Amino acid sequence: MARAYSLTDSPWENEGHGTLQISVPKEDSEWPRVWRDTIAALGYPVSENPFFGRYYGAVMTPESVQPTSKQRNFVGSAYLGTARSRTNLTIWTQALVDKVVFDASIRDKDGDILATGVQYTKNGETGIVHARKEVILSAGTFHSPKILELSGIGDADLLRSLGIDVVIDNPHVGENLQTHTYCTMAFEVRDQEGFQTMDGLIRQDPSAIKAAMESYRKQQEGPLTKSGLNATAQLPLPSYLMSSEGKSELDRIFKQSCERAEPGKTTAAFAKAHEKFVHSVMSSPTEASALYYSFPGFVMLEGEGGMADMPPGSKNWFTAATLLAYPVSRGSTHITSASSSSPGLAIDPKYLSHPFDLEILARHVQQLETIFKTETLAIHIVRDGKRLPPTNSLSNLDEARELVRHKAVGAHRHSGTCSMMPRKLGGVVDEKLRVYGCKNLRVCDFSIAPLMTRCNPQATVYGIAEHGTHNIKSSS
Ligand SMILES: Cc1cc2nc3c(=O)[nH]c(=O)nc-3n(C[C@H](O)[C@H](O)[C@H](O)COP(=O)(O)OP(=O)(O)OC[C@H]3O[C@@H](n4cnc5c(N)ncnc54)[C@H](O)[C@@H]3O)c2cc1C
């Protein structure tokens, strides 16, 4: 990650040395301070530096925004801009890879097959790009396993049922799908000087849009320079669960949950290792088991992950969410047809299918409500005002569970479907990102992460790209 990033804002001069410049947004309202004060009032630390190495407590999360121009920084501007003039780089847009092609007649000493290129479709025409050395797939958590399966790498039974020749039988392709599951709460807040929210922009109020555009154009300031989701926290389970009685209770819930969990296609060894790791995090008073976001305004996802409508009226809102950092539930994504142009992908996220996830998220939802009830934040909330979802107090754990069952959604950050781990545990790629059974085919994207990252995955995705680049260069 340090190879990818540069954080140049004062006071953390020169964190990282990469081309992707990131920055911490200017605070132009009191809300970030209120958030930090509230997390501190609950007994958690507040970090000024997001790179201090231990991510626990309240922190201001940097964004991929160039610190002076305030323009978004992304792989196109940070990497491609300088590389696109190279004579050995050709970029085709509007071209979709259908599958990887192989020379079935060549096997190496380990019996591995050789990838010779990719078949693609562009403007309705199909062609082949030949690979002199290797093929690297970076199509993301849903499309990298899709391309592997269309190429004949996956569960032999599934492939045969779709009429695809089996090149490598690996039932773990497309399995181990994970993401953060989360719940959101929003409360109406009082109108006060210095406590402006982003609700005007969310309502698409023309005067709010005009003011934001002017502020951005003239001073590179204001709401268009940031997401508004920077005041975050990484928190362990509530402190009552960290006492010896609380830990016994947690152990009991963990044991019962694991006994009730459905194994699915995951190997027993990985399922056990996964549960053991998650349990170790949950039992620690300083390891965060949930990520908390705050937002000055109304923002809520619902149902399949679409944005909920802004409530009617002109009131301002404050929203916060809690995301299960390490879910133990695992879903899957698989092709439903041998045709690459068919939209058919059977995605089964299986959110909360492991009972432990429901138990942990319910307790974090209770902690989220405690945050809203803490005086430093509560004094800004409209007395007897609206809250969404419209629930009563969640001090009763059954009500918290009910809220999770009905309102939890999956965050847009899936991983795990081409996991990097030993093959016997259920891996698809090795530590150099090479597909088991085909050494000159790599997968280099977030699908290789076998466990969900504790926080936003973007930094890890850039880290994976740097790791992949390093391996490719050192093997050439
Ligand atoms: C709405 C949304 C908001 C998000 N917000 C955040 C955030 O605030 N912070 C954060 O850290 N993360 C966020 N994420 C998650 C983050 O974007 C992903 O984790 C990250 O982009 C994954 O990177 P990747 O390289 O694995 O895949 P991708 O970024 O999905 O890249 C895969 C690429 O492959 C291309 N592709 C797919 N199939 C083919 C094919 N057959 N042929 C050719 N090309 C193909 C796709 O078009 C795409 O460009 C968000 C995701 C979404 C969807």
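Everything here concerns the structure above.
Summarised in this report is the structure supplied together with it.

1. Quick word on the overall build of the protein chain
Summing up its helical and strand segments, the protein chain has 12 helices and 21 strands in all. Compactness check: the protein chain gives a C-alpha radius of gyration of 24 Å against a globular reference of 23 Å for 476 residues, within 12% of the reference. Considering only C-alpha atoms, the protein chain reaches an extent of 75 × 60 × 40 Å along its principal axes. Looking at the protein chain as a whole, 52% of its 476 residues are labelled buried.

2. Comments concerning unusual backbone geometry
Of note, the bond from Leu-388 into Pro-389 is cis; its omega dihedral lies within 30 degrees of zero at -5 degrees. Along the chain, Pro-389 turns up in the loop between β18 (387-388) and α11 (397-407). With a phi angle near 60 degrees, Lys-70 is a residue other than glycine that sits in the positive phi range. Tracing the sequence through the fold places Lys-70 in the loop between β3 (57-60) and α2 (75-83). Owing to a relative accessible area of 14%, Lys-70 belongs among the buried residues under this scheme. A positive phi angle, near 60 degrees, is found at Leu-352, a position not held by glycine.

3. With respect to the site of the ligand
What surrounds the ligand is a group of 15 residues, the closest being Val-97, His-412, Asp-445, Phe-446 and Gln-458. In this structure, Val-97 approaches the ligand through a main-chain N or O atom, which is 2.9 Å from a nitrogen atom. Interatomic distance of 3.4 Å between a backbone N/O atom of Ser-138 and an oxygen atom of the ligand. Out of a free accessible area of 1,000 Å², the ligand has 50% covered by protein chains. For the shell around the ligand, a count of residues per class yields eight nonpolar, six polar and one charged.

4. A word on the sheet that holds strand β7 (residues 135-137)
Backbone hydrogen bonds hold the strands of a sheet together, and the pairing may be parallel or antiparallel. The mixed open sheet is built from three strands, whose spatial order is β7-β21-β20. Looking at strand neighbours, the two that pair on one side only are β7 and β20 (434-435), the edges of this open sheet.

5. Observations regarding the packing of aromatic side chains
Counting across every chain of the model gives 10 aromatic pairs. A centroid spacing of 6.3 Å and a plane angle of 75 degrees characterise the contact between Phe-318 and Phe-372, whose relative ring orientation is edge-to-face. Remark: Phe-372 occurs in helix α9 (residues 355-373) and Phe-318 occurs in strand β15 (residues 316-324); sequence separation between them is 54 residues. Judged by relative accessible area, which is 2%, Phe-318 ranks as buried. Taken together, the ring pairs connect Trp-31, Phe-187, Phe-195, Phe-318 and Phe-372 into an aromatic cluster. The ring of Phe-74 has Arg-72 sitting right over it, with the charged end atom 4.7 Å from the ring centre.

6. Topic: the packing of helix α7 (residues 244-260) against α9
Two elements in contact, α7 and α9, have axes separated by 7 Å at closest approach and are oriented at 145 degrees. For the pair formed by α7 and α9, the contact residues are Glu-249, Leu-250, Ile-253, Phe-254, Ser-257 and Arg-260 on the first element and Pro-355, Phe-356, Glu-359, Ile-360 and Arg-363 on the second. In terms of residue class, the contact of α7 with α9 is made up of six nonpolar, one polar and four charged.

7. Some points on the pairing of strand β12 (residues 290-295)
Burial within β12 is extensive, with six of its six residues counted as buried. Covered by surrounding structure in β12 are Ala-290, Tyr-292 and Ser-294 together with Leu-291, Tyr-293 and Phe-295, the residues of both alternating faces. Here four bridges tie strand β11 (residues 231-235) to β12, and the two strands are oriented antiparallel to one another. Residue pairing for β12: Thr-232 is matched across the bridge by Tyr-293. Note that β12 and β15 share six bridges and pair antiparallel. Each residue of the ladder has a partner; that of Leu-291, found in β15, is Leu-323.

Conventions adopted
- Residues numbered from 1 in each chain as written.
- Predicted model: local features only at pLDDT ≥ 70, side-chain atom pairs only at ≥ 80, totals over all residues.
- Heavy atoms only, no water.
- Helix = DSSP H or I, 4+ residues; strand = E, 2+ residues; numbered from the N terminus.
- Rg over C-alpha atoms; globule rule 2.2 N^0.38 Å.
- Buried < 20%, exposed > 50% of the residue type's maximum accessible area, 1.4 Å probe, protein only.
- Near = heavy atom within 4 Å.
- Polar contact = N/O pair within 3.5 Å; in protein donor to acceptor, adjacent residues only side chain to side chain.
- Areas by Shrake-Rupley, 256 points an atom, 1.4 Å probe, with all protein chains shown as cover.
- Nonpolar A, V, L, I, M, F, W, Y, C, P; charged D, E, K, R; others polar.
- Pairing = 2+ DSSP bridges.
- Phe/Tyr/Trp six-rings, centres within 6.5 Å; stacked < 30°, edge-to-face > 60°.
- Lys NZ or Arg CZ within 6 Å of the ring centre and 35° of its normal.
- Axes fitted to C-alpha atoms, helices over the stretch in contact; angles between N-to-C directions.
- Contact = heavy atoms within 4.5 Å.

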